[in-house]
Amino acid sequence: MSTVPPEAKRLLESEPLMAHLGTCVDGRPHVAPVWYRYDESDEVVEIVTTGRKLANVRENPQVALSIQQDEAGEAQWMVSLLGTATVVDDDDRTERARERINAKYDAEPEAYAENTLVRIAVGSASYRTY
């Protein structure tokens, strides 16, 4: 049985929106924007990242993602995902994921080459349309 409802799946890939990744280490929460790609076949979210986000995921893999679509400052819908992140220290897999994500956001395939692949297995999902 799928964790992500069909309507939430559709919303996740409907357009190239920014997600906000929430991590927490030593009781200190950190939220930062990320580009993402939802992979329905594996029910995972792929991001490529570096810096504080990556360090936090390495220390505590429990994460949250929030994606929201607005129109003129009015929320249209939101999807919230909770999951377990896995850092993928594999250059080939990271490159392929980066190319998929960059294509979604109209960036050059080789952009952000310093980032590392993180795959987030979705544990729970909720969504709401307004």
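See the structure shown above.
Before going into details, it helps to say that this report is about the structure given with it. (Residues numbered from 1 in each chain as written. Predicted model: local features only at pLDDT ≥ 70, side-chain atom pairs only at ≥ 80, totals over all residues. Heavy atoms only, no water.)

### A few points about the overall build of the protein
Moving on, step 1. For the protein, the helix and strand inventory stands at three helices and seven strands.
Moving on, step 2. When the helices and strands of the protein are placed in sequence order, the string is α-β-β-β-β-α-β-β-α-β.
Moving on, step 3. In summary, the protein has a C-alpha radius of gyration of 14 Å against a globular reference of 14 Å for 130 residues, a match within 12%.
Moving on, step 4. Its C-alpha atoms put the protein at 40 × 35 × 35 Å along the principal axes.
Moving on, step 5. For the protein, buried positions account for 41% of its 130 residues. (Helix = DSSP H or I, 4+ residues; strand = E, 2+ residues; numbered from the N terminus. Rg over C-alpha atoms; globule rule 2.2 N^0.38 Å. Buried < 20%, exposed > 50% of the residue type's maximum accessible area, 1.4 Å probe, protein only.)

### Notes on the pattern of salt bridges
Moving on, step 1. Inspection of every chain in the model, using the stated rule, returns eight salt bridges.
Moving on, step 2. Glu13 is paired through a salt bridge with Lys104; the nearest N and O atoms lie 3.3 Å apart. Highlighted residues: Glu13 in the loop between helix H1 (6-12) and strand S1 (19-25) and Lys104 in helix H3 (residues 91-104), separated in sequence by 91 residues.
Moving on, step 3. Classification of Glu13 by relative accessible area gives partly exposed; the value is 35%. (Salt bridge = Lys/Arg side-chain N within 4 Å of Asp/Glu carboxyl O.)

### Notes on a negative patch on the surface
Moving on, step 1. A cluster of like negative charges, contributed by Asp90, Asp91, Asp92, Glu95, Glu99, Glu108 and Glu110, occupies part of the molecular surface.
Moving on, step 2. Among the structural elements, Glu95 can be located in helix H3.
Moving on, step 3. Owing to a relative accessible area of 35%, Glu95 belongs among the partly exposed residues under this scheme. (Patch = residues over 30% accessible without salt bridge, like charges linked within 9 Å, V, L, I, M, F, W, Y side chains within 5 Å. Areas by Shrake-Rupley, 256 points an atom, 1.4 Å probe, with all protein chains shown as cover. Lys, Arg positive; Asp, Glu negative; His and termini not counted. Charge placed at Lys NZ, Arg CZ, Asp CG, Glu CD.)

### A short note on the nonpolar core
Moving on, step 1. Within the largest apolar cluster, 31 residues are counted, with the highest numbers of intra-cluster contacts made by Val45, Leu65 and Ile120.
Moving on, step 2. Among the secondary structure elements, those contributing two or more residues to this core are H1, S1, strand S4 (44-49), helix H2 (51-59), strand S5 (62-71), strand S6 (74-88), H3 and strand S7 (116-129).
Moving on, step 3. Here this core gets six residues from one element, more than from any other, and that element is S6.
Moving on, step 4. Other than its neighbours up to four places away in sequence, Leu65 contacts Ala19, His20, Leu21, Val34, Val45, Val79, Ser80, Leu81 and Ile120. (Core = buried A, V, L, I, M, F, W, Y, C linked by side-chain atoms within 4.5 Å. Contact = heavy atoms within 4.5 Å.)

### Things to note about the environment of Arg10
Moving on, step 1. With respect to the helices and strands, Arg10 occurs in helix H1.
Moving on, step 2. Sequence-wise, Arg10 and Tyr38 are 28 residues apart; in three dimensions their C-alpha atoms are separated by 9.9 Å.

### Re the layout of surface pockets
Moving on, step 1. Volume-wise, the largest pocket comes out at about 200 Å³.
Moving on, step 2. Met18, Pro33, Val34, Trp35, Val48, Thr49, Thr50, Lys53, Ile101, Asn102, Tyr112 and Asn115 are the residues that line the largest pocket.
Moving on, step 3. Sorting the residues of the lining of the largest pocket by element identifies strand S2 (28-34), S4 and H3 as the ones contributing at least two each.
Moving on, step 4. Split into classes, the residues belonging to the lining of the largest pocket amount to seven nonpolar, four polar and one charged. (1 Å grid on protein atoms, 1.4 Å probe; cavity = no way out; pocket = protein on both sides within 12 Å on 5 of 7 lines; lining within 4 Å. Points joined across faces, edges and corners; volume = space filled by probe spheres on them. Nonpolar A, V, L, I, M, F, W, Y, C, P; charged D, E, K, R; others polar.)

### Focus on the sheet that holds S4
Moving on, step 1. Overall, antiparallel pairing links the seven strands, which are arranged S2-S1-S5-S6-S7-S4-S3 in an open sheet. Two strands in the sheet have a free side with no partner beyond their single neighbour: S2 and strand S3 (37-39). Averaged over neighbouring strand pairs, the angle between their axes works out to 30° when direction is ignored.
Moving on, step 2. In this sheet, S5 lies alongside S1 in antiparallel orientation, the contact comprising four bridges. Its bridge partner lying in S5, Ala19 is registered against Ile67.
Moving on, step 3. Contacts from H3 reach S3, S4, S6 and S7, with the element oriented near 95° to S4. (Pairing = 2+ DSSP bridges. Axes fitted to C-alpha atoms, helices over the stretch in contact; angles between N-to-C directions.)

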